[in-house]
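# A look at the structure
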Amino acid sequence: MKLDRRMFIGTGAAATASLAAPMLRADGHAKPRVVVIGGGAGGATAARYIAKDSEGAISVTLIEPTRTYYTCFFSNLYLGGFKEIGDLAHSYGGLAASGVNVVHDWAVGVDRDARTVALAGGGSVGYDKLILSPGIDFVEGAVPGWDLSAQNAMPHAYKAGSQTELLRAQLRAMPQGGTFAMVAPPNPYRCPPGPYERVSMVAHYLKANNPTAKILIADPKEGFSKQALFEEGWAAHYSGMIERIGPDFGGGDASVDPVAMTLTIDGDETPVDVCNVIPAMKAGRIAELAGVTDGNWAPVNAADMSSKADPDIHVLGDASQQGDMPKSGFSANSQAKVCANAVRGALTGSRVFPARFSNTCWSLIDINDGVKVGATYEATDEKIAKVDGFVSQTGESAEVRQATYEESEGWYAGITADMFGA
Amino acid sequence: MRAPRAALICALPLLATVAGAELGGDAKAGEQVFRRCIACHQVGPDARHRTGPQLNDILGAPAASQGDYRYSPAMAKAGAEELIWTAEALNRFLASPRAYMPGTKMGFRGLAAPEDRADVIAYLASFSEGTAAPQAAGFALSPEVLALDGDAEYGAYLAAECTTCHQADGDNDGIPAIINMQQEAFVTAMHAYKQKHRANPAMQLIASRLGDEEIAALAAHFTTLGN
């Protein structure tokens, strides 16, 4: 869908002027404008770094519909009872204090010729550089029987907040000996270890409160992130509780009935008490509306995360198709800083340094049993390419696992401070 | 004011020894200062744990690394976070133990005079030479690398990779603070990770692709933050 250009007549004059203006403004009175859509790990970080590092030389507007942001990372720990919902909640006050103009509204369209973003609440915002960090949406029809209207009966809980609360409430209301089912997503998707950390946290809760309950996973993937570590942990902590049906046994052929509460795998129908459907994913809708997607994702240049469709648009995080980095909050935060450095350089002439990226994902398997996987990345002409990496080992000592978990707590405090300037 | 760096190509404990001397300390004078410590600490041949742990080989040792001594949870945590007793770390600890490490069992209020701290560190260093801490065995840094003058603006960009985990305001919720570190301690720590003499795989990975200039740039940035 392309928005009608006439929607923008009200700001057309200003937009036209900005179109003609060079990036480095000789006139000195109009500040260059950056608009960021999406206030998560990519968008909040980019907005904060550009505002902070440009010291007022760039006008930064963040468009984010929610006033309270709930992190997806650590939301599984909430399901397991290790966190409360408030522990995941963050406000945008720190960003505003950093000089970011935070607009709580939905971006509903991008006019790339006029360089404006249309808002659901009316009006539009002009930009010189636009940063899209909209996260994910779900591919329609990915799990037969499920669509967004079924998300109350069968939550995805893959955007944190009320969905996560709903899934926890359903888990806690499960009858003794009931079945918790998960339909796991195909690659690529947000947070590769996420579904399996979730299974671990659900198992942790059930072991203490509903020990005869079962967990059934329909999985279209042959393997998954940190598989050896998770399977070792499941055998050690939750023996006999978890059954994963992979593609060899029809795990890729799953459908649901949200009214009858059944999951059908390869033709076999099973009644379930809770069904967590995590469908196939695609870039958040605004990326598609802006016309920067190719298929499900938005291809970008690795050096500065600029869209391959438009040099004045950058795409960060889960929505981008960048190469080797996993879709994670850590990755988005890392990409945001590379992007912020490049955008600031383009708009103010500040020094631009070579792109460098890194990612680490921690997962909790049981109390004090933390594992992690990480890698460094560089920009090549083709993509963001992996340089080197590490992963926790099976058979590690309890001390190492506990230190890894405690490190993840430190990381959570670190990245949220880095995103929101708390 | 930094003393000239001479003969720093050496194993870390020896480096730390020289660094102790670099604080301007006099080991002989330090023996006098150490009398204020002997109610709780022993050092030298036959030294044993008393109220406090024995202090042989303390320079360059990871915090809380003597398995047969019961450390405070705060000190054990510092050990888990890989605090190394460099001369600089000891200098800061000894200035005010409970300010540097809230929760330490060490009841001593601290040595206010920088000369006293430098002297006692030089004295302790004289019992540390030649016995490498396990993580630090064979670790070497040239004086040129330690003396590199970093590009702080580049460091500010590179530091964004650190602040995903290490909080820029110095808070510590499970990952240690890295602001307010002395340049030498920072550079030494990063090279120790790069050369895999410190254990954390995430830090080894991050450090592995930082060149000497980049480590110096980061040190310049974090030193600026600290000041």
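Residues numbered from 1 in each chain as written. Chains lettered and ligands numbered in written order. Predicted model: local features only at pLDDT ≥ 70, side-chain atom pairs only at ≥ 80, totals over all residues. Heavy atoms only, no water.

### Quick look at the overall build of chain A
To keep things clear, this is the line we draw: Numbering of helices and strands runs from the N terminus, with a helix taken as a DSSP run of H or I at least four residues long and a strand as a DSSP run of E at least two residues long. Buried means the residue's accessible area, taken with a 1.4 Å probe over protein chains only, is under 20% of the maximum for its type, while exposed means over 50%, and partly exposed covers the values in between. Surface exposure here means Shrake-Rupley accessible area, sampled with a 1.4 Å probe, where a residue is shielded only by the protein chains that are shown.
For chain A, the count of helices and strands is 10 helices and 24 strands. Looking at chain A as a whole, 57% of its 422 residues are labelled buried. Of the roughly 16,000 Å² of accessible surface on chain A, a fraction of 51% belongs to carbon and sulfur atoms.

### Structural notes on the interface of chain A and chain B
Definition in use: Note on definitions: a residue-residue contact is assigned when non-hydrogen atoms from the two residues lie within 4.5 Å. The quantity reported as buried area is the accessible area (1.4 Å probe) lost by two parts once they are put together, taken as the sum for both. Each salt bridge in this description consists of a side-chain nitrogen of Lys or Arg and a carboxyl oxygen of Asp or Glu lying within 4 Å of one another. Here a polar contact is recorded for every N or O atom pair within 3.5 Å, except that within protein the pair must consist of a potential hydrogen donor and a potential acceptor, and residues adjacent in sequence are included only if both atoms are side-chain atoms.
Counting from both sides, the interface comprises 34 residues of chain A and, opposite them, 23 residues of chain B. On the chain A side of the interface with chain B, the three residues burying the most area are Arg351(A), Phe353(A) and Arg356(A), jointly 28% of the side's total. Connecting chain A to chain B are 4 salt bridges. Note that Glu153(B) and Arg351(A) form a salt bridge whose closest N and O atoms lie 3.2 Å from each other. One can count 17 residue pairs in polar contact (both at pLDDT 80 or more) joining chain A with chain B. Mapped onto the side of chain A that touches chain B, the elements with two or more residues apiece are α9 (329-348), β22 (356-366), β23 (369-379), β24 (384-391) and α10 (398-420) of chain A. When residues in the side of chain A that touches chain B are grouped by element, the largest group, 10 residues, is from α10(A).

### Some details on the sheet that holds β22(A)
All names here are of chain A. What counts is decided by this rule: Only strands that DSSP links by at least two bridges are regarded as paired with each other. Note on method: axes are straight lines fitted to C-alpha atoms, helices fitted across the in-contact stretch only, with angles between N-to-C directions ranging 0 to 180 degrees.
The 3 strands are arranged β22-β23-β24 in an open sheet whose pairing can be described as antiparallel. Either end of the sheet is taken by a strand with one partner, and the two such strands are β22 and β24. In this sheet, adjacent strand axes meet at a mean angle of 20° when their direction is disregarded. Two elements, β22 and β23, share 10 bridges in a ladder whose sense is antiparallel. Note on β23: the bridge partner recorded for Phe 357 is Tyr 377.

### Observations regarding the pattern of salt bridges
Residue and element names in this part refer to chain A. By the definition in use, this model includes 25 salt bridges over all chains. Between Lys 383 and Asp 324 there is a salt bridge, with its nearest N and O atoms 2.8 Å apart. Of this pair, Lys 383 sits in the loop between β23 and β24 while Asp 324 is found in the loop between β21 (320-321) and α9, placing the two residues 59 residues apart along the sequence. Judged by its relative accessible area of 33%, Lys 383 falls in the partly exposed class. With a shortest N-O distance of 2.7 Å, Asp 369 and Arg 401 are connected by a salt bridge. Of the two residues, Asp 369 sits in strand β23 while Arg 401 sits in helix α10, which places them 32 residues apart along the sequence. Assessed through its relative accessible area of 5%, Arg 401 is described here as buried. Counted as one network, the salt bridges with shared partners bring together Glu 232, Asp 369, Glu 396 and Arg 401.

### Description of the environment of Leu171(A)
Residue and element names in this part refer to chain A. As for its position among the elements, Leu 171 is in helix α5 (residues 162-172). Residues Leu 171 and Cys 275, 104 residues apart in the sequence, show an inter-C-alpha distance of 9.5 Å. When residues no more than four places from it in sequence are discounted, the contact partners of Leu 171 are Leu 79, Phe 180, Val 202, Tyr 205, Leu 206 and Val 274.

### Examining helix α3 (residues 73-80) of chain B
Residue and element names in this part refer to chain B. To keep things clear, this is the line we draw: As used here, the arc is the angular range of directions from the helix axis to the C-beta atoms.
Taken as a whole, α3 has its buried residues at Ala 74, Met 75, Ala 78 and Gly 79. Buried residues of α3 fall within an arc of 145° about the axis and therefore sit on the same side. Summarising the geometry of α3, the exposed residues directed more than 90 degrees from the buried face are Pro 73 and Ala 80. Here the buried face of α3 lies against α4 (87-95). At the exit of α3 stands Glu 82, carrying a positive phi of roughly 70°.

### Some details on the confidence of the model for chain B
All names here are of chain B. Let me state the cut-off plainly: The quantity called pLDDT is the predictor's confidence in a given residue, expressed from 0 to 100.
The predicted model of chain B averages 81 in pLDDT, with 84% of residues at 70 or higher. Across chain B, element-level confidence peaks in helix α8 (residues 152-159) with a mean pLDDT of 96 and bottoms out in helix α1 (residues 12-22) with 43. Considering only residues more than four positions removed or in separate chains, one finds that residues 1-21, a stretch of pLDDT under 50, has 47 contacts.

### Let's talk about the packing of helix α2 (residues 43-54) of chain A against α10(A)
All names here are of chain A. Quick note on the threshold: To sort the angles, those under 35 degrees are grouped as roughly parallel, those over 145 as roughly antiparallel, those from 65 to 115 as roughly perpendicular, and the leftovers as oblique. The classification used treats Ala, Val, Leu, Ile, Met, Phe, Trp, Tyr, Cys and Pro as nonpolar, Asp, Glu, Lys and Arg as charged, and all other residues, Gly among them, as polar.
Where α2 meets α10, the closest approach of the two axes is 7 Å, and the angle between their N-to-C directions is 55°. As judged from the angle between their axes, α2 and α10 are oblique. Across the interface between the two elements, Ala 44, Thr 45, Arg 48 and Tyr 49 from α2 touch Ala 417, Asp 418, Met 419 and Phe 420 from α10. Of the residues that constitute the contact of α2 with α10, the class distribution is 5 nonpolar, 1 polar and 2 charged.

### A closer look at the sheet that holds strand β16 (residues 268-271) of chain A
Think of a sheet as strands paired side by side through backbone hydrogen bonds, with each pair either parallel or antiparallel. All names here are of chain A. In space, the 3 strands of this open sheet follow the order β14-β15-β16, with antiparallel pairing throughout. Two strands in the sheet have a free side with no partner beyond their single neighbour: β14 (254-257) and β16. The mean angle between the axes of side-by-side strands here comes to 20°, regardless of whether they run parallel or antiparallel. Across 4 bridges, the pairing between β14 and strand β15 (residues 262-265) is antiparallel. Counted as the bridge partner of Ser 255 is Thr 264 from β15.

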